[in-house]
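Each chain, written out:
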Amino acid sequence: QVQLVESGGGLVQAGGSLRLSCVASGSIFSIGAMGWYRQAPGKQRELVATITSGGSTNYADSVKGRFTISRDNAKNTASLQMNSLKPEDTAAYLCSAKITPFRYAYDRDYWGKGTLVTVSS
């Protein structure tokens, strides 16, 4: 059984920083791309940042220059460093990963339950 668990959310003032972490655990053979998404109340889920197993990154235009995604392949973790936070960054942040479990021939997308980030003005 595979699961993703996020941590690090909280309340921060505008201009502040937070670091989110995501840990994948369970019967994992390999992990491909990992990513962070966010969903604000009443809005659709949107991509924040992704990172491949080789370290190539991609960011939403709204977070470029402020957020940095990283991963530790040995620990099955991904992190999102968020600086210069704005009130519009307030959302539930969810981790996703393409994981191939042991004894499976293909990967599938797994999602965490999310961690809440609230940025006050």
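Look a little higher up for the structure.
Residue positions within a chain follow its written sequence, with the count starting from 1. Residue-level local features of this predicted model are given only where pLDDT is at least 70; pairs of side-chain atoms are given and counted only at 80 or more, and the full residue set underlies all totals for whole chains, interfaces and linings. Where side-chain values are given, they derive from all heavy atoms of the structure, hydrogens and water being excluded.

(A) Quick peek at the state of the cysteines. Criterion for a disulfide: a pair of cysteine sulfur atoms at a distance within 2.5 Å. Scanning all chains against the criterion turns up one disulfide. The disulfide that involves Cys22 links it to Cys95, with 2.0 Å between the sulfurs. Between Cys22 and Cys95 the disulfide shows an S-S torsion of about -80°. By sign, it is left-handed. You can see Cys22 sitting in strand S3 (residues 18–26) and its partner Cys95 sitting in strand S9 (residues 91–101), a full 73 residues away along the chain. Assigned by exposure class, Cys22 and Cys95 land together as buried. Only DSSP runs of H or I covering at least 4 residues are called helices, and only runs of E covering at least 2 are called strands; the numbering of each starts at the N terminus. Each residue's exposure class comes from its accessible area (1.4 Å probe, protein chains only) as a fraction of the maximum for that residue type: buried when under 20%, exposed when over 50%, partly exposed otherwise.

(B) Local environment of the nonpolar core. By convention a nonpolar core is built from buried Ala, Val, Leu, Ile, Met, Phe, Trp, Tyr and Cys residues, the set being connected through side-chain atoms within 4.5 Å. Of all hydrophobic cores here, the largest spans 32 residues; its most connected members are Trp36, Leu80, Met82, Tyr93 and Ile99. Of all the secondary-structure elements, those providing two or more residues to this core are strand S1 (2–7), S3, strand S4 (28–39), strand S5 (46–51), strand S7 (67–72), strand S8 (77–82), S9 and strand S11 (115–120). The element contributing the most residues to this core is S9, with five residues. Pairs of residues are marked as contacts when any of their non-hydrogen atoms sit within 4.5 Å. Among all residues touching Leu80, those that are not within four sequence positions of it are Leu18, Arg19, Leu20, Trp36, Val48, Ala49, Phe67, Thr68, Ile69 and Tyr93.

(C) Inspection of the packing of aromatic side chains at higher detail. Aromatic pairing here means that ring centres of Phe, Tyr or Trp (its six-membered ring) are within 6.5 Å. Orientation follows from the plane angle: under 30 degrees is stacked, over 60 is edge-to-face, and everything else is tilted. Scanning the model with the defined rule gives three aromatic pairs in all. Seen in terms of ring centroids, Phe29 and Phe102 are 5.7 Å apart; in terms of plane orientation they differ by 75°. Their pairing is edge-to-face. Highlighted residues: Phe29 in strand S4 and Phe102 in the loop between S9 and strand S10 (108–111), separated in sequence by 73 residues. For Phe29, a relative accessible area of 58% corresponds to the exposed category. Given a relative accessible area of 39%, Phe102 falls into the partly exposed group. Judged by centre distance (5.8 Å) and plane angle (80°), the ring pair of Tyr104 and Tyr106 falls under edge-to-face. Note on Tyr106: relative accessible area 52%, which makes it exposed. Any Lys NZ or Arg CZ that is within 6 Å of a ring centre and within 35 degrees of that ring's normal is treated as a charge sitting over the ring. The ring centre of Trp111 lies 4.6 Å from the NZ or CZ of Arg45, which sits over that ring. Over the face of the ring belonging to Tyr110 we find Arg108, whose NZ or CZ atom lies 4.0 Å from the ring centre.

(D) Looking closely at the pairing of S8. Taking burial as the measure, the six residues of S8 include five buried ones, the bulk of the element. In terms of strand pairing, S3 meets S8 through six bridges, oriented antiparallel. Bridge pairing links Leu20 to Leu80 in S8. Hairpin connection of S7 to S8: four residues between the antiparallel strands, including Asn76 at a positive phi of 55°. Note on pairing: two strands pair once DSSP finds at least 2 bridges between them.

(E) Representation of the sheet that holds S8 within the structure. Pairing is antiparallel across the open sheet formed by four strands, whose spatial order is S1-S3-S8-S7. With one partner strand each, in any of the chains shown, S1 and S7 form the two edges of the open sheet. Adjacent strand axes in the sheet meet at a mean angle of 15°, parallel and antiparallel pairs treated alike. Two elements, S7 and S8, share six bridges in a ladder whose sense is antiparallel. The partner of Thr68 across the bridge, within S8, is Gln81. Fitted lines through C-alpha atoms serve as axes, helices being fitted only where they are in contact, and the angles separating the N-to-C directions of these axes extend from 0 to 180 degrees.

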